[in-house]
Amino acid sequence: MTPSALAGTLISHAAGLTSDTAAAELICAHRTWLTRTDFAARCIHAGTRHDRRPYAYINWEDAITALDTRQLSCSPSEAAVLRIAASLGDQHIPVHLARVLGSLDRANITRVTTAITRANG
């Protein structure tokens, strides 16, 4: 699946769940993670349903485990976006905002703000 098709499928799969949708939209808007084969191969589960409609979702726990064990090398900003998205997508994953917000540039702050607003309904 191309990153563009994957983005559409992730968002479609999360539809109806505000926090999940916000998390998927943040990762898709960021555009870095969906182009990385190491992330996609380990953390994104995709396939086709019995009705032939595609599905895709991110295993947030795997993503954070890979990040924490340095199996996903990235910039502090990329890590911050992934951590925030994971926290939105999985209620069991905490994020320490004071540790991650300082590494975001203006564009990513806007993306995160949009995601948080979206998750709030």
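Scroll up a little and you will see the structure.
Predicted model, so just to flag it, every value in this text is computed and none were measured.

Describing unusual backbone geometry
Among all residues save glycine, negative phi is the norm, and among peptide bonds the norm is trans.
Now for step 1: Despite not being glycine, Arg31 has its phi angle at roughly 70 degrees, a positive value.
Now for step 2: Among the secondary structure elements, Arg31 is positioned in the loop between α2 (18-30) and α3 (37-43).
Now for step 3: Positive phi values are uncommon outside glycine, yet Arg52 reaches one of about 70 degrees.
Now for step 4: Tracing the backbone through its elements, the reader meets Arg52 in the loop between β1 (44-48) and β2 (54-58).

Describing the packing of aromatic side chains
Now for step 1: The final tally for this structure, using the stated rule, is two aromatic pairs.
Now for step 2: With a centroid separation of 5.2 Å and 50 degrees between ring planes, the pair formed by Trp33 and Phe39 is classed as tilted. Each of the two residues, Trp33 as well as Phe39, counts as buried.

A word on the pairing of β2
Now for step 1: Relative to β2, β1 is paired through five bridges, and the arrangement is antiparallel. From the neighbouring strand, Ala46 faces β2, where its bridge partner is Ala56.

Points about the side chain of His30
Now for step 1: Position of His30 relative to the elements: it lies in helix α2.
Now for step 2: On the basis of relative accessibility, which here comes to 9%, the residue His30 falls in the buried class.
Now for step 3: In contact with His30, not counting residues within four places along its chain, are Glu78, Val81, Asn108 and Arg111.

Describing the packing of helix α4 (residues 60-68) against helix α5 (residues 76-89)
Now for step 1: Packing of α4 against α5 brings their axes to within 9 Å, and their N-to-C directions diverge by 150 degrees. Viewed along their axes, α4 and α5 adopt a mutual orientation that is roughly antiparallel. Here α4 runs over α5; the crossing is left-handed. Judged by residue contacts, Trp60, Ala63, Ile64, Leu67 and Asp68 of α4 engage Ala79, Leu82, Arg83, Ala85, Ala86 and Gly89 from α5.
Now for step 2: Classifying every residue of the contact of α4 with α5 by side-chain character gives eight nonpolar, one polar and two charged.

Each value, and the rule that gives it
Residues numbered from 1 in each chain as written. Predicted model: local features only at pLDDT ≥ 70, side-chain atom pairs only at ≥ 80, totals over all residues. Heavy atoms only, no water. Helix = DSSP H or I, 4+ residues; strand = E, 2+ residues; numbered from the N terminus. Phe/Tyr/Trp six-rings, centres within 6.5 Å; stacked < 30°, edge-to-face > 60°. Buried < 20%, exposed > 50% of the residue type's maximum accessible area, 1.4 Å probe, protein only. Pairing = 2+ DSSP bridges. Contact = heavy atoms within 4.5 Å. Axes fitted to C-alpha atoms, helices over the stretch in contact; angles between N-to-C directions. Parallel < 35°, antiparallel > 145°, perpendicular 65-115°, else oblique. Left-handed = near helix turned anticlockwise from the far one by under 90°. Nonpolar A, V, L, I, M, F, W, Y, C, P; charged D, E, K, R; others polar.

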